[in-house]
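Coordinates in review
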Amino acid sequence: MAFKYKQKCVRCRKNYVTVTWKNRFPICYGCQQKEMQGEVKDPKMQKLFNIPEEFFKGNAFLRSIKINYLKYDTLTDKQIETFKKAVAKMKKDLREKAKGNGKKEIEIKEEN
Ligand SMILES: [Zn+2]
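Residues numbered from 1 in each chain as written. Predicted model: local features only at pLDDT ≥ 70, side-chain atom pairs only at ≥ 80, totals over all residues.

**Things to note about helix α4 (residues 60–72)**
Applied cut-off: Helix and strand labels come from DSSP, where a helix needs a run of H or I of at least four residues and a strand needs a run of E of at least two; each type is numbered from the N terminus. Expected helix span is taken as 1.5 Å per residue step, with the number of steps being one fewer than the number of residues. Between the buried cut of 20 or more and the exposed cut of 12 or fewer other C-beta atoms within 10 Å of a residue's own C-beta lies the partly exposed class, and all C-beta atoms are placed from the backbone. C-beta atoms are first placed from the backbone for all residues, and any pair lying within 7 Å is then listed as a contact.
With 13 residues, α4 should reach 18 Å at 1.5 Å per residue; the first-to-last C-alpha distance of 18 Å fits that figure. When we look at burial in α4, the residues that qualify are A60, L62, R63, S64, I65, K66 and Y69. Lining the buried residues of α4 we find β2 (16–20), α1 (29–32), α2 (43–49), α3 (53–58) and α5 (77–101). Of the residues flanking the end of α4, it is D73, one or two places downstream, whose phi is positive at about 65 degrees.

**Looking at unusual backbone geometry**
Excluding glycine, a negative phi dihedral is what most residues carry, and trans is how most peptide bonds are arranged. Here the phi dihedral of R13 falls at roughly 55 degrees; this positive angle occurs in a residue that is not glycine. Counting through the fold element by element, R13 comes out in the loop between β1 (4–8) and β2. A positive phi is found at D73, a non-glycine position, where the angle reads about 65 degrees. Assignment of secondary structure puts D73 in the loop between α4 and α5. By the C-beta count within 10 Å, which is 12 here, D73 ends up exposed.

**Some points on the nonpolar core**
This is how the line gets drawn: Any nonpolar core is a set of buried residues, restricted to Ala, Val, Leu, Ile, Met, Phe, Trp, Tyr and Cys, that join up through C-beta atoms within 7 Å.
If you look at the biggest cluster of nonpolar residues, it comprises 5 residues: V17, V19, I27, C28 and A60. Those residues in contact with V19 that lie beyond four places of it in its chain are K4, Y5, Q7, P26 and A60.

**Overview of the confidence of the model for the protein**
Rules: Each residue gets a pLDDT score, which is the predictor's confidence in that residue and runs from 0 to 100.
Per-chain confidence: the protein averages 87 in pLDDT, with 88% of residues scoring 70 or above. Taking the mean pLDDT of every element in the protein, the minimum, 49, falls on helix α6 (residues 103–111) and the maximum, 97, on α2. A low-confidence stretch, residues 106–112 stays under pLDDT 50, and its non-local contacts, those more than four residues away or across chains, total 2 contacts.

**Comments concerning the packing of α4 against α5**
Quick reminder of the rule: A fitted line through C-alpha atoms represents every axis, and for helices the fit uses only the stretch in contact; the resulting angles, taken between N-to-C directions, go from 0 to 180 degrees. Crossings are classed by handedness, with left-handed meaning an anticlockwise turn of the near helix from the far one by less than a right angle and right-handed meaning a clockwise turn. Under the scheme applied here, ten amino acids are nonpolar (Ala, Val, Leu, Ile, Met, Phe, Trp, Tyr, Cys and Pro), four are charged (Asp, Glu, Lys and Arg), and all others, including Gly, are polar.
Running from amino to carboxyl end, α4 crosses α5 at an angle of 145 degrees, the nearest separation of the two axes being 10 Å. Like other packed secondary-structure pairs, α4 and α5 cross with a definite hand, here left-handed. From α4, F61, L62 and I65 reach across to α5, where they touch Q79, F83 and A86. Class assignment for the residues of the contact of α4 with α5 results in 5 nonpolar, 1 polar and no charged.

**Quick look at the pairing of β1**
To keep things clear, this is the line we draw: DSSP-based pairing: two strands are paired if at least 2 bridges between them are found.
Of all 5 residues in β1, 0 are buried; the element is thus mostly exposed. Inspection of the sheet shows β1 paired to β2 by 5 bridges, in the antiparallel sense. Bridged to K4 within β2 is T20.

**Here's the deal with the environment of F61**
Among the structural elements, F61 can be located in helix α4. By C-beta crowding, F61 is classed as partly exposed, having 17 other C-beta atoms within 10 Å. Through-space distance from the C-alpha of F61 to that of A86 is 8.5 Å; in sequence the pair is 25 residues apart.

**Some points on the environment of C31**
Of note, C31 is situated in helix α1. Distance in space between the C-alpha atoms of C31 and V10 is 9.7 Å, their sequence separation being 21 residues. For C31, the contacting residues outside a window of four places in its chain are C9, R11 and C12.

What follows is the structure, given as structure tokens:
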């Protein structure tokens, strides 16, 4: 597992951002929100970025990929692949969390 820690946003120096060692200049969601507002025209990319806003809030890497795309209008296969993997992992974590919190409700749902 990647080593994660919290560091202050380099822009506002107010909010903390969860980062890995790869991210030396973390910027918080609030500071990056504007940069993420651009229009995504490519349907493939629309699909890629069609994830809950919470994911962008909680993951500086996902934000940086979207901003990169809006800036340069393109992503490498590796960036797309890593983005998908990170999203899949966050979805899995959410599911596991849901299981721990409301086990009974999920079991009822599954019976139907
Ligand atoms: Zn900030």
